[in-house]
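Fold and geometry: a report
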Amino acid sequence: MIGTTNYYKAFGFIIKSSISLPELKKISSPVNAYDIEIEFESLTEAWNSVSTPSHQFFVSEQHIMFHLANIAIYRIENGNKIIVSPMEGIEESQLGLYILGSCMGAILMQRRVFPLHGSAIAMDGKAYAIVGHSGAGKSTLASAFLEKGFDLLTDDIIPLAFSKESGRPYVIPSYPQQKLWQESLTHFGYDSSNYKPLVNRKTKFAVPVTSQFSDKPIPLAGIFELVKTKEDHVTLKPLHKLDLLQTIFNHTYRNNFIDGMKLREWHFYSALKVINHVNIYQLRRPGFRFTVGELVDCVLGEIGSSAV
């Protein structure tokens, strides 16, 4: 499997890739320097030398490897290289989901860029992050803000960099795409036949964001932890200081990499910078009904903003 080399911009980096990544913004002009290289190489022998039956990931300070059955083996090195070893018969288009997910999460940590798991929206020159566990409704709520006229910064991974002077965090845009479930597409009036289902998830779709994507880093002003409950109404409350560090850890993208990479201290002090500069809330919603409109009104009421 040999692809044509392309150059892209995403997550604040220039990426040279032998694998087609149509989700990303392609750079058409010649590129003399790049930050990250993605290439094909056989990894079977390397994986067999480090793998164990009980672990899907191998994590060290120098590199991370993981094996997805029937898809590929991936290796992430030194914050600047992703190597992909596809299984026989796998199409190139099936590889990108994991490159732009777990691989980029590892790259960010290797480069000491703090990754949260969620979506981020640009509102009035400020960024607001929506974090939560899988299925909480992060992307759906972000899409509802787009319906209100706001812009997307990132979906799935929220890369945070910090000002050298003040320590204030700001969100680095990733790429103009969301991942939405069939239920959400139906709610927003989208026809799922127009979108590509994600690998291994037939009812979750890749939805391009064509016009409402903010491509400049923006200061992070707030974090909303979205939680499903058995309650029958939406509630919003500021989180107490004792809960903040644990909340940030819980919603760090691929936090299972932290100890193997020996990044516990880095993660702790980065999380402190976040909680010292950003308001953090818990946004609780009923798990048995669609409440996205109420959630949007609740967040806008709290931050004192209004629809564009």
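For the structure, see preceding data.
Small disclaimer: the values here were computed from a predicted structure and weren't measured. (Residues numbered from 1 in each chain as written. Predicted model: local features only at pLDDT ≥ 70, side-chain atom pairs only at ≥ 80, totals over all residues. Heavy atoms only, no water.)

This part is about the packing of aromatic side chains. Each aromatic ring pair is characterised by the separation of its centres together with the angle its planes make. Tallied over the entire structure, the rule returns 14 aromatic pairs. Of the aromatic side chains, those joined through ring pairs into one cluster are Phe-57, Phe-66, Tyr-74, Tyr-98 and Phe-257. (Phe/Tyr/Trp six-rings, centres within 6.5 Å; stacked < 30°, edge-to-face > 60°.)

This paragraph deals with the environment of Ile-38. The topology assignment puts Ile-38 in strand E4 (residues 36-40). Through-space distance from the C-alpha of Ile-38 to that of Ser-20 is 9.9 Å; in sequence the pair is 18 residues apart. When neighbours within four sequence positions are excluded, Ile-38 is seen to be in contact with Ile-15, Lys-16, Ser-17, Ser-18, Ile-19, Leu-21, Ile-82, Val-84 and Ile-99. (Helix = DSSP H or I, 4+ residues; strand = E, 2+ residues; numbered from the N terminus. Contact = heavy atoms within 4.5 Å.)

Moving on, we come to the sheet that holds strand E13 (residues 177-181). The 3 strands are arranged E13-E15-E14 in an open sheet whose pairing can be described as antiparallel. Looking along the sheet, the strands with just one partner apiece sit at the ends: E13 and strand E14 (196-198). Strand-to-strand twist in this sheet, taken as the mean axis angle between neighbours without regard to direction, amounts to 45 degrees. (Pairing = 2+ DSSP bridges. Axes fitted to C-alpha atoms, helices over the stretch in contact; angles between N-to-C directions.)

So, on to the sheet that holds strand E1 (residues 6-10). Where strands meet in a sheet, backbone hydrogen bonds hold them as pairs that are either parallel or antiparallel. The strand order across the open sheet formed by 8 strands is E3-E1-E2-E4-E8-E7-E6-E5, and the pairing between neighbours is mixed. Only two strands of the sheet have a single neighbouring strand rather than two, namely strand E3 (25-26) and strand E5 (57-59). Contacts from helix H2 (residues 96-110) reach strand E2 (13-17), E4, strand E6 (63-68), strand E7 (72-77) and strand E8 (81-86) within the one sheet, and its direction differs from that of E7 by about 20 degrees.

Another point: a nonpolar patch on the surface. Where nonpolar side chains cluster on the molecular surface, the patch consists of Leu-245, Phe-268 and Tyr-269 and spans about 270 Å² of accessible area. With respect to the element layout, Phe-268 can be found in helix H6 (residues 264-277). (Patch = residues over 30% accessible without salt bridge, like charges linked within 9 Å, V, L, I, M, F, W, Y side chains within 5 Å. Areas by Shrake-Rupley, 256 points an atom, 1.4 Å probe, with all protein chains shown as cover. Salt bridge = Lys/Arg side-chain N within 4 Å of Asp/Glu carboxyl O.)

This part covers the packing of helix H3 (residues 138-147) against helix H7 (residues 292-303). When two helices pack together, their arrangement is given by the angle between the helix axes and by the axis-to-axis distance. Relative to each other, H3 and H7 sit at 70 degrees, their axes nearing to 10 Å. The angle between the axes of H3 and H7 places the two elements in the roughly perpendicular class. Crossing of H3 against H7: the hand is right-handed. Across from Thr-140, Leu-141, Ala-144 and Phe-145 in H3, the residues of H7 making contact are Val-292, Leu-295, Val-296, Val-299 and Leu-300. Residue classes in the contact of H3 with H7 are distributed as 8 nonpolar, 1 polar and no charged. (Parallel < 35°, antiparallel > 145°, perpendicular 65-115°, else oblique. Left-handed = near helix turned anticlockwise from the far one by under 90°. Nonpolar A, V, L, I, M, F, W, Y, C, P; charged D, E, K, R; others polar.)

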